[in-house]
Amino acid sequence: MRRLILSLLCLFFTCLLCAVDVEGVFGIYRVVLHDKSGTFSIYMENAKNSKYVPVLNSLDSSSGTRFYLKAGSFVHVLSKSAGIPVSQYLTDTGFRVEYTVKNLALVALTFTFVSSDDGKLGEFSDVIIADIFVTNTSGKTDSFALKAVFDTVLGESVAKHFSTNSFPVINEEMSFSSMYADKWIRTSDGNNSMQFLLDGDTITRPLSVTLANRDILLTDVWTPTLIPGRGFNSLFSFNNSALCIHWNSYRIAPKLQSAVRFYITAASNEQNPADTSSSFFTGGKAAEISAEIMVVQEQAVEEIIEPPVVYDVTGTAPVNDKGSLENPKKTPVDDTSIQDENPYVYDEPIKEEQLDPAYIEALLAKIESLEAESTEIDREEILRLNAELDAILEYLRR
């Protein structure tokens, strides 16, 4: 037995020593796939000196950039360190990463590099098409949701961590329930910039987008707790900002898929990265190469719309679908039209405690937990809780 254990240990350490990083250059980007950790790093070329600078934190093989899968009510951290098998390889136009959650799902990331001018891979390709596919490999229909955390780095060396189409400077925690007005999240060191395009015709609409310290976001707690006005610091790291994207849940039948798409762009020499006004998008090339995503999204999957209540950094008012602030009117809810398909009508006055985000999150969690029950589902309780949730949301919309 002792010999067997020693042999296995030798084999394990031999495999670690044999782990080799794979590198590739696509346009202005350099990609490194870390075989040992199952992570990847992305760099961009600095036009002033032709050297590559990281656009995602490269510390510890970029372990701060991480993906999560929520199946039912359970959250899976998609990483080798969490025991998830990871396979990754370069392709002719980018790279692919596959996470295998045994007997449950296959999550595949496909990053494709093209030019914002003609949509083709070339020397100056500056657009990354990011597609994430979730395939149900279990034997039953289940709900699946994705979360991605990107440990950004460019804005940490200057006085401006992030910006959007609506906010020129963001230096504290902020969350968005819609990117309709903000369009993109950009981070820059003044010379080199990268941005996430999160609103547009060929982009999957996120459920929410959050900017916070990476340690707050890198947790299997599905929805992070934000503190209005808090900067990008934690007990373990200082001035360390990151971006978190949540997408809606999908109910997926066995062997079927769901898919989401967004874009990453970059630019150097103090130029702004390309957005959806570039030729790649306006000329129809982006729509043309979205065929695979469209086919997947037309499969027999049901998108579960989860309207979150997201507060702005002042913590005083909810953010509406356009990204602007609303001040709800203090009037009781008695409108039964919001319960068109629900026989249960919540006609009690809305209390102040019910407007607390923590209360609403707990309500959502309770509904989700009941719906995930594999045995007897308490349909009446689900309808009653949904009626209360609808009444609260209607109250906040007024």
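Higher on the page you've got the structure.
My aim in this report is to walk through the structure given alongside it, one point at a time. Values in this document were obtained by computation on a predicted structure and should not be read as measured data. (Residues numbered from 1 in each chain as written. Predicted model: local features only at pLDDT ≥ 70, side-chain atom pairs only at ≥ 80, totals over all residues. Heavy atoms only, no water.)

### Description of the overall build of the protein
And then number 1: The helix and strand tally for the protein stands at seven helices and 20 strands.
And then number 2: Expressed as a percentage of its 398 residues, the buried residues of the protein come to 49%.
And then number 3: Relative to all contacts within the protein whose residues are 6 or more apart in sequence, the contacts with residues 24 or more apart total 65%.
And then number 4: Carbon together with sulfur atoms contributes 53% to the accessible area of the protein, which is approximately 19400 Å² in total. (Helix = DSSP H or I, 4+ residues; strand = E, 2+ residues; numbered from the N terminus. Buried < 20%, exposed > 50% of the residue type's maximum accessible area, 1.4 Å probe, protein only. Contact = heavy atoms within 4.5 Å. Areas by Shrake-Rupley, 256 points an atom, 1.4 Å probe, with all protein chains shown as cover.)

### Some details on the sheet that holds strand β19 (residues 257–267)
And then number 1: Taken in spatial order, the eight strands of this open sheet run β7-β8-β9-β10-β19-β15-β14-β12, and their pairing is antiparallel. Only two strands of the sheet have a single partner each, and these edge strands are β7 (86–90) and β12 (163–164).
And then number 2: Sheet topology places strand β15 (residues 193–197) next to β19; five bridges connect them, and they run antiparallel. By the bridge assignment for β19, Gln195 is matched with Thr265. (Pairing = 2+ DSSP bridges.)

### Section: the packing of aromatic side chains
And then number 1: Scanning all chains against the criterion turns up 17 aromatic pairs.
And then number 2: Summarising the aromatic geometry, the rings of Tyr29 and Phe113 are spaced 5.4 Å apart at their centres and angled 50° between planes, so their arrangement reads as tilted. Taken together, the positions of Tyr29 in strand β2 (residues 29–34) and Phe113 in strand β9 (residues 105–114) put the pair 84 residues apart, joining distant regions of the chain. Of the two residues, Tyr29 and Phe113, neither departs from the other in class, the shared state being buried.
And then number 3: Relative to Phe150, the ring of Phe67 lies with its centre 5.8 Å away and its plane at 90°, an arrangement referred to as edge-to-face. Residue Phe67 is located in strand β5 (residues 66–71), and its partner Phe150 is located in strand β11 (residues 142–150); the two are separated by 83 residues in the primary sequence. Judged on exposure class, the residue Phe67 and its partner Phe150 are both buried.
And then number 4: Aromatic ring contacts, followed pair by pair, group Phe26, Tyr29, Phe40, Phe67, Phe95, Tyr99, Phe111, Phe113, Phe150, Phe196, Trp247 and Phe262 into a single cluster.
And then number 5: Looking at Arg30, its charged tip hangs above the ring of Tyr43, at a distance of 4.8 Å from the centre.
And then number 6: Here the guanidinium or amino end of Lys147 rests over the ring plane of Tyr68, the centre of that ring lying 4.5 Å away. (Phe/Tyr/Trp six-rings, centres within 6.5 Å; stacked < 30°, edge-to-face > 60°. Lys NZ or Arg CZ within 6 Å of the ring centre and 35° of its normal.)

### So, the sheet that holds strand β4 (residues 52–54)
And then number 1: Spatially, four strands are ordered β1-β2-β3-β4 in an open sheet, and the strand pairing comes out antiparallel. Every interior strand has two partners, whereas the edge strands, β1 (22–26) and β4, have only one. Strand-to-strand twist across the sheet, computed as the mean angle between neighbouring axes with direction ignored, equals 30°.
And then number 2: Bridge count between β1 and β2: five bridges; the pairing is antiparallel. For Glu23, the partnering residue across the bridge sits in β2 and is Val32. (Axes fitted to C-alpha atoms, helices over the stretch in contact; angles between N-to-C directions.)

### Looking at unusual backbone geometry
And then number 1: Although it is not a glycine, Ser50 sits at a positive phi angle of roughly 65°.
And then number 2: With relative accessibility at 47%, the residue Ser50 sits in the partly exposed group.
And then number 3: A positive phi angle is found at Lys183, which is not glycine, with a value near 70°.
And then number 4: Along the chain, Lys183 falls in the loop between β13 (174–176) and β14 (184–188).
And then number 5: In this structure Lys183 comes out as partly exposed when scored by relative accessible area, which is 30%.

### Focus: the environment of Ala267
And then number 1: Note on placement: Ala267 falls in strand β19.
And then number 2: The exposure class assigned to Ala267 is buried, which follows from its relative accessible area of 12%.
And then number 3: Taking the C-alpha atoms as reference points, Ala267 and Ser188, separated by 79 residues in sequence, lie 9.5 Å from one another.
And then number 4: Ignoring anything within four residues of it in the chain, the contact list for Ala267 reads Met44, Asn191, Asn192, Ser193, Asn272 and Pro273.

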